[in-house]
Amino acid sequence: MATDIEEHLAVFRRGVVDLIDEQELRAKLALGRPLRIKFGMDPSSPDLHVGHAIPLMKLRALQDLGHQIVLIVGSSTAMVGDPTGRNKLRPQLTREQVEINLATYIDQAGKVLDMERTEVHRNSDWFDKLDFGGLLALCGRTTVARMLERDTFDQRMKAGEAVGMHELLYPLLQGWDSVEIRADVELGGTDQLFNLLFGRTLQEQEGQSPQVCFTTPLINGSDGRKMSKSYGNAIAVTEEPKEMFGKIMRIPDEVMGQWFELLTDASPAQIEALLAGHPNEAKHELARRIVGYFHSPQIGQRESEAFIAQFRDKQLPDDIPDVVFDGEWSADGLPLPVLLRGVGLAQSSSDARRLIEQGAVRLDGEVVSDPKHLLVPPAAPLLIQVGKRRFARVSAKA
RNA sequence: GGGCGGAUACCCAAGCGGCCAACGGGGGCAGACUGUAAAUCUGCUGGCAUAGCCUUCGCAGGUUCGAAUCCUGCUCCGCCCA
C-alpha cells in the first residue's frame, strides 16, 4: 500500500470531532501497512439508523483506502450494557438475543461496509475464557476513581440513580478488546471517547502501541434532538424510500450542513454552495443523495419527484395502498372511527375520534369532522386521508 | 444488619381519602401559517361501535360508602449508620 499520508489523514479527519492524536496517527500511517481499525458494535439494538451509518461510512472510506476494519461484537459487553448516556440500568441480553441481533446488524451494516473485507470478532471469544482470577486481575488495572470520572456515572449518582457494579466494568472490557485484537486505531461516537481512551491505557500496560482514537458526532434527529430510536426521531437505514425522503425533508434547517458533511460525499465547496441557496432546494438535494445512497440514485430521484408532486403540487401520491376492511358493515352504518382503526389509519378508535374531531380526516377529499359519521359499504373504493401523510383506498370485504 | 426517603401515564413531575383518566413541562399527534423546515398560535394526547362504561398511579392483600392518596406484607431504588 503506497501510503499518501496526507490523503489518508484527510479521510480520517473529515467530520470527526476528536482525533487523539494526529501525530501518532501520522506515525502509524508512516509504517506503510494497513492499519487495524477497531469499531465496536453494540448488539443490544440491532436496527440501525442513519446516525449509526456515520461511523460506518467513515469506516467504509478507510476500508477503501486499504485499511483493515475490525468489527468487535460486544457479545460479552452487551451482557453488561453500555452505561453511556443512560440514566437507567440496561437490561442484560442473552447470548441468543445477541446472535439474532448480530445477524440483523451485519445485514444492515452491509449496506455501508463491505463485510467481505471486514474482520468480525465476538468479544465473548476471549472473555468467556477469562476466569475469576483473570477478571480480578483485569479489575486491578484501574481504580474506582478513574472509572467514576465518567460523566454518566457521576450524573447518575448525583441524581440518585442506580449504577450497577457490573457497569463499571464496561470501559475495562471494551478497552481489553483493543489489546486482544491489537488495534491501531479505534473509532466511536463522541459519547464513546472515555471508553476509547481507556483502551490506550490497557494497551500501554501490555506493551502495545496505544491506539489512536477518533470520534464521529452524534447526529441530531428529525426534531433536532440527538437521534435515537427511543425519541422516535430516527431514520432507519432500512426505511422505505418514501418515508426516508420525507423524514429527511423534515429535519431542521440548522442541521443540514452537518448532514451533508457526515452522510454524503459532497465536497466542502459543494456543501457551501448548496447552503447558500434556498434551504428547501438544499434539503431536497440532501434527501436525494441520502436516499440514493441507501437505496439507489434512481430511487432517490424518483422520490424527489414524487415529493414535489405530492407536497408542492398537492397531487395525490401515486402509491396509495388499497385496503380491504374485513369487519362487518352493520345495517345502520359503520362508525367512521371503527373503520379508521380497522384499516390501520388510526391506532385506536379513540385516536380516530380525536383525529376526526380535529378535522384531520377526509373522505374522498371532503373533511368529515363528525365522529359519529356513519358509512355504508362503498361501491367504489373510498379514498381516505388522515393528516397530511396517511392515505388509503378502502373497499368492503367481498 | 439498622434508620430514613422514594416508586405516578412515552419521559420529567404534581397530587397525599371523594371535585382524579389524574396539575404542569417535554415529547408526540392534529389544525392554521409555511418550504411536509424553524418559530408562532390552537386543540388533543388510556381503552371501548364513547351523553355511558371499562382498565390505569411498583406488586399483593386490607380498612372505607369511596383509595394514586390510609394500613400490612413483598419487590426494586437511593441516602445515612454499621
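Residues numbered from 1 in each chain as written. Chains lettered and ligands numbered in written order. Predicted model: local features only at pLDDT ≥ 70, side-chain atom pairs only at ≥ 80, totals over all residues. Heavy atoms only, no water.

## Focus: the pairing of strand E12 (residues 382-386)
Argument step 1. Buried residues dominate E12, accounting for five of its five residues.
Argument step 2. Alternating residues of E12 divide into Leu-382, Ile-384 and Val-386 and Leu-383 and Gln-385, and every residue in both groups is buried.
Argument step 3. For strand E9 (residues 361-363) and E12, the ladder comprises three bridges, and the chain directions are antiparallel. What sits directly across from Arg-362, in E12, is Gln-385.
Argument step 4. Sheet topology places E12 next to strand E13 (residues 390-396); five bridges connect them, and they run antiparallel. What sits directly across from Ile-384, in E13, is Ala-392.
Argument step 5. The loop that links E12 with its antiparallel partner E13 comprises three residues; one of these, Gly-387, has a positive phi angle of about 65°. (Buried < 20%, exposed > 50% of the residue type's maximum accessible area, 1.4 Å probe, protein only. Helix = DSSP H or I, 4+ residues; strand = E, 2+ residues; numbered from the N terminus. Pairing = 2+ DSSP bridges.)

## A word on the protein's contact with RNA strand B
Argument step 1. Close contacts around RNA strand B come from 35 residues, with Asp-253, Phe-307, Ser-349, Arg-354 and Gln-358 the closest.
Argument step 2. Side-chain polar atom of Ser-349 to a phosphate oxygen of RNA strand B: 2.8 Å apart, as the coordinates give it.
Argument step 3. Elements represented by at least two residues in the surface near RNA strand B include exactly helix H15 (279-294), helix H16 (297-312), helix H17 (336-342) and helix H18 (349-357).
Argument step 4. With five residues, the top contributor of residues to the surface near RNA strand B is H18. (Near = heavy atom within 4 Å. Polar contact = N/O pair within 3.5 Å; in protein donor to acceptor, adjacent residues only side chain to side chain.)

## Quick look at the packing of helix H3 (residues 50-64) against helix H13 (residues 256-263)
Argument step 1. Two elements in contact, H3 and H13, have axes separated by 9 Å at closest approach and are oriented at 45°. Classified by the interaxial angle, the pair formed by H3 and H13 is oblique. Side by side, H3 and H13 meet where Val-50, Ala-53, Ile-54 and Met-57 of the first sit next to Trp-259, Leu-262 and Leu-263 of the second.
Argument step 2. Looking at the contact of H3 with H13, its residues break down into seven nonpolar, no polar and no charged. (Axes fitted to C-alpha atoms, helices over the stretch in contact; angles between N-to-C directions. Parallel < 35°, antiparallel > 145°, perpendicular 65-115°, else oblique. Contact = heavy atoms within 4.5 Å. Nonpolar A, V, L, I, M, F, W, Y, C, P; charged D, E, K, R; others polar.)

## Concerning the side chain of Ser-304
Argument step 1. Mapped onto the secondary structure, Ser-304 falls in helix H16.
Argument step 2. The class for Ser-304 is buried, based on a relative accessible area of 2%.
Argument step 3. With residues up to four places along the chain from it excluded, the contact list for Ser-304 reads Phe-245, His-284 and Arg-288.

## Concerning the sheet that holds strand E3 (residues 68-73)
Argument step 1. Read across the sheet, six strands follow the order E1-E6-E5-E2-E3-E4 without closing on themselves; strand pairing throughout is mixed. Two strands close off the open sheet at either side, each with one partner strand: strand E1 (19-20) and strand E4 (118-122).
Argument step 2. In this structure, strand E2 (residues 36-41) lies alongside strand E5 (residues 185-189), joined through three bridges in parallel fashion. By the bridge assignment, Phe-39 is partnered in E5 with Leu-187.
Argument step 3. Against the sheet, helix H11 (residues 193-205) contacts E1, E5 and strand E6 (212-216), and its axis sits at roughly 170° relative to E6.

## A look at the confidence of the model for chain A
Argument step 1. When pLDDT is averaged across chain A, the result is 88; 92% of the residues are at 70 or more.
Argument step 2. Within the model, the stretch residues 85-89 combines pLDDT values under 50 with eleven contacts to residues more than four positions away or in other chains. (pLDDT = per-residue confidence, 0-100.)

## Looking at helix H5 (residues 95-109)
Argument step 1. For H5, spanning 15 residues, the distance from its first C-alpha to its last is 20 Å, which sits close to the expected 21 Å at 1.5 Å a residue.
Argument step 2. Residues of H5 that are buried: Val-98, Asn-101, Leu-102, Tyr-105, Gln-108 and Ala-109. Buried residues of H5, viewed axially, fall in a sector of 130°; they line one side. Exposed side chains of H5 directed beyond 90 degrees from the buried face belong to Glu-96, Ile-100, Ala-103 and Asp-107. (Expected span 1.5 Å × (residues − 1). Arc of directions from axis to C-beta.)

## Focus on the pairing of E6
Argument step 1. Among the five residues in E6, five count as buried, and that is most of the element.
Argument step 2. Because side chains alternate across E6, one face comprises the buried residues Val-212, Phe-214 and Thr-216, and the other comprises Cys-213 and Thr-215, equally buried.
Argument step 3. Taken together, the two bridges between E1 and E6 define a ladder with antiparallel strand orientation. When the sheet's bridge partners are listed, Ile-20 is paired in E6 with Cys-213.
Argument step 4. Once you follow E5 into H11 and on to E6, the crossover reads as right-handed. (Right-handed = clockwise from strand over helix to strand, strands pointing away.)

## Some thoughts on the packing of aromatic side chains
Argument step 1. Counted by the stated rule, this structure contains six aromatic pairs.
Argument step 2. A ring pair is formed by Phe-245 and Phe-307, whose centres lie 5.5 Å apart and whose planes are at 45°; its orientation type is tilted. Taken as a pair, Phe-245 in helix H12 (residues 241-249) and Phe-307 in helix H16 lie far apart in primary sequence, 62 residues in all. Considered together, Phe-245 and Phe-307 belong to a single accessibility category, that of buried residues.
Argument step 3. Aromatic side chains Tyr-293 and Phe-294 sit 5.1 Å apart centroid to centroid with 85° between the ring planes, which places their arrangement in the edge-to-face category.
Argument step 4. Within the aromatic cluster, the residues linked to one another by ring pairs are Phe-245, Phe-307 and Phe-311. (Phe/Tyr/Trp six-rings, centres within 6.5 Å; stacked < 30°, edge-to-face > 60°.)

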